[in-house]
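Results of the structural survey
The lines below spell out each chain.
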Amino acid sequence: MSLKIKRLDATLVEIESSSVDAFDQSLRGVLLQETDPEYNEARKIWNGMIDKRPALIVQCSGNADVITAVRFAKDHRLLISVKGGGHNIAGSAVCDGGLMIDLSQMRGVLVDPEERIAHVQPGALLGDVDHETQAFGLAVPTGINSTTGIAGLALGGGYGWLSRAYGHTVDNLISADMVTADGEFLHVSADQNAELFWAIRGGSGNFGIVTRFNFQLHPVGPTILSGPVIYPLEDAGEVLRQYRKIARDLPDEASCWFVIRKAPPFPFLDPKDHGRAVIVLVTAYIGDLQQGEKVLAPLRELGTPLGVGIGPTPYAGWQAAFDPLLVAGARNYWKSSDFIDISDETIDVLLAAGNSLPSDECEIFVAQLGGSAGRVAADSMAFPHRQTRFTMNIHGRWQTDDMDDSCVSWVRDVYQKAEEHSTGAVYVNFVPENGEDRKIGPYGANLDRLRQIKTKFDPDNLFQSNINIEPLKG
Ligand SMILES: Cc1cc2nc3c(=O)[nH]c(=O)nc-3n(C[C@H](O)[C@H](O)[C@H](O)COP(=O)(O)OP(=O)(O)OC[C@H]3O[C@@H](n4cnc5c(N)ncnc54)[C@H](O)[C@@H]3O)c2cc1C
């Protein structure tokens, strides 16, 4: 029996079962087809809205399998997708009818404490990285949810609680190993294959499959000062007007993000306030705890808080603090925009959005960036958005498909109203679909150079299940 599988040009090709068997036998990992009992679990990703069915899933066990899979795809001109942690909101880790190259079994993290470098495989989750690095009191800046994959996050930019102190994840990538579209295995760094090294630091998964990331580590914690301050939504206008002034002057060690949502059942909140619409200021200070108390104090005094949860916290624990609110399997539709300041008009949009939350889990999450991450030249690597001081993420999140229309419409409506006050830029890892119409977009002024590099290394656009950088034609 032959296998029907989708090609890059969207036509179907029949591959003889002897070829599929030979591919299977050349792997140390596992090759799955629709008839295998593990297939359905293997095609699931974080966003429960995504329901795609690859013809084949290869669960790679190491670099050799990745090279074999890319060469098999190239020889048959197959549509492929690449899965790291499977968190991408657009669902680009899975493809319909093609070959899914699943790296999630490759979760190794090796720390060299003397050199302060972490060698990380592409299936590792942020929690894996923090677990290994924190054993040495070290960390690399990543994101704020421990079940996110390091691979997709790092290739798009990667920001979190350490970004203002130590830059984004891309700023801490020293070198990497990767498999390019022609199945070649390359080491990339500032000295070797430098243009690919430039491109993968923000160009997302467009240039090849990274099989190892080598990150610079920094001393962090293991205890940091962090936690939320919660105010009623009724006070959010005044809170935000004061917040934006304080945020402007915070030192690099401090970050304060804010979230507008219905209050989760935090233990430090009166149960009568659980489920009430609130604004949560979420703080972290990476440094001396007493100094942190002083720096963060004004954020507790912007009105009468409903509750304050700031205190000394293990860094790795803080990295997982939002996990219970972000469990896999829910339905999600997110949209995002970048800002330099929070204008009065933006505050009005945020307040109206907070007063019309369509589900208990929908929220608007605004990250404070800048600091060290804002002082890197915009053309020093593919990630361009160095002027961004705040990234707004409108998290549409709900459980059942009967709420799809109301939640998606809410997200789009808030996005449209806020977009005119934004910079027009967007972080590539928060783009929910290809083809968005933006003033600046995810790749900004670096797009032309990225297209040239794409044309050189992937002229047939093998790596296209992503926020795609199309190769130049002719
Ligand atoms: C709950 C949640 C919280 C998040 N929080 C943050 C945050 O705090 N900060 C932040 O910066 N981002 C955050 N993100 C966004 C996150 O960076 C992206 O979703 C990212 O794509 C996740 O990477 P992944 O490996 O899990 O994704 P996947 O879905 O597995 O992969 C995404 C894409 O990356 C590419 N890719 C994956 N692995 C490789 C590889 N080894 N080589 C080449 N290409 C590859 C592929 O194109 C793939 O389609 C969050 C996302 C979610 C869902």
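If you're wondering where the values come from, they're calculated on a predicted model, not measured in any experiment.

**Describing the overall build of the chain**
The helix and strand inventory of the chain stands at 13 helices and 21 strands. In terms of overall dimensions, the chain is globule-like: its C-alpha atoms have a radius of gyration of 22 Å, near the 23 Å expected for 474 residues. C-alpha atoms of the chain, sized along the principal axes, occupy 70 × 55 × 45 Å. Put simply, 72% of the contacts in the chain that link residues at least 6 apart link residues at least 24 apart. Within the structure as shown, the chain displays about 18500 Å² of accessible surface, and the carbon and sulfur contribution to it stands at 49%. Each charge sign in the chain was given a centre, from 42 positive and 61 negative side chains, and these centres are 3 Å apart.

**Re the state of the cysteines**
By definition, a disulfide is the covalent link that joins the sulfur atoms of two cysteine residues. What the rule picks out here adds up to zero disulfides. Unpaired in this structure, Cys362 has its nearest cysteine sulfur neighbour in Cys407, at a distance of 4.1 Å. Classification of Cys362 as buried rests on a relative accessible area of 0%. Judged by relative accessible area, which is 0%, Cys407 ranks as buried.

**Points about the site of the ligand**
Close to the ligand lie 34 residues; Gly84, Gly86, Ser92, Tyr159 and Tyr427 are nearest. Between the ligand and the protein, one listed contact pairs an oxygen atom with a backbone N or O atom of Gly84 at 2.7 Å. Take Ile144: an N or O atom from its main chain is 2.9 Å from an oxygen atom of the ligand. Contact with the protein chains removes 98% of the 960 Å² of surface that the ligand exposes when unbound. Mapped onto the shell around the ligand, the elements with two or more residues apiece are β5 (80-83), α5 (150-156) and β12 (209-216). Tallying contributions element by element places α5 first for the shell around the ligand, with four residues.

**Here's the deal with the packing of helix α8 (residues 236-249) against helix α11 (residues 344-354)**
Two elements in contact, α8 and α11, have axes whose closest approach is 10 Å; the angle formed by their N-to-C orientations is 140 degrees. Between α8 and α11, the angle falls in the class oblique. The handedness of the crossing between α8 and α11 is right-handed. Contact residues: Ala236, Gly237, Leu240, Arg241 and Arg244 in α8; Asp344, Ile347, Leu350 and Leu351 in α11. In the contact of α8 with α11, the residues fall into five nonpolar, one polar and three charged.

**What about the pairing of strand β7 (residues 109-112)?**
Taking every second residue as pointing to the same face, the buried face of β7 carries Val109 and Val111, while none of Leu110 and Asp112 on the other face is buried. Here four bridges tie β7 to strand β8 (residues 117-120), and the two strands are oriented antiparallel to one another. Bridge pairing links Leu110 to His119 in β8. Here β7 folds back onto β8, and the loop between the two strands holds four residues, one of which, Arg116, carries a positive phi near 55 degrees.

**Here's the deal with helix α13 (residues 447-457)**
Residues of α13 that are buried include every one of Leu450, Ile453, Lys454 and Phe457, and no others. Viewed along the axis of α13, the buried residues span an arc of 105 degrees, placing them on a single side of the element. Residues Asp448 and Lys456 are exposed on α13 and point more than 90 degrees away from its buried face.

How each quantity is defined
Residues numbered from 1 in each chain as written. Predicted model: local features only at pLDDT ≥ 70, side-chain atom pairs only at ≥ 80, totals over all residues. Heavy atoms only, no water. Helix = DSSP H or I, 4+ residues; strand = E, 2+ residues; numbered from the N terminus. Rg over C-alpha atoms; globule rule 2.2 N^0.38 Å. Contact = heavy atoms within 4.5 Å. Areas by Shrake-Rupley, 256 points an atom, 1.4 Å probe, with all protein chains shown as cover. Lys, Arg positive; Asp, Glu negative; His and termini not counted. Charge placed at Lys NZ, Arg CZ, Asp CG, Glu CD. Disulfide = S-S within 2.5 Å. Buried < 20%, exposed > 50% of the residue type's maximum accessible area, 1.4 Å probe, protein only. Near = heavy atom within 4 Å. Polar contact = N/O pair within 3.5 Å; in protein donor to acceptor, adjacent residues only side chain to side chain. Axes fitted to C-alpha atoms, helices over the stretch in contact; angles between N-to-C directions. Parallel < 35°, antiparallel > 145°, perpendicular 65-115°, else oblique. Left-handed = near helix turned anticlockwise from the far one by under 90°. Nonpolar A, V, L, I, M, F, W, Y, C, P; charged D, E, K, R; others polar. Pairing = 2+ DSSP bridges. Arc of directions from axis to C-beta.

Read these as spatial facts, not as claims about activity.
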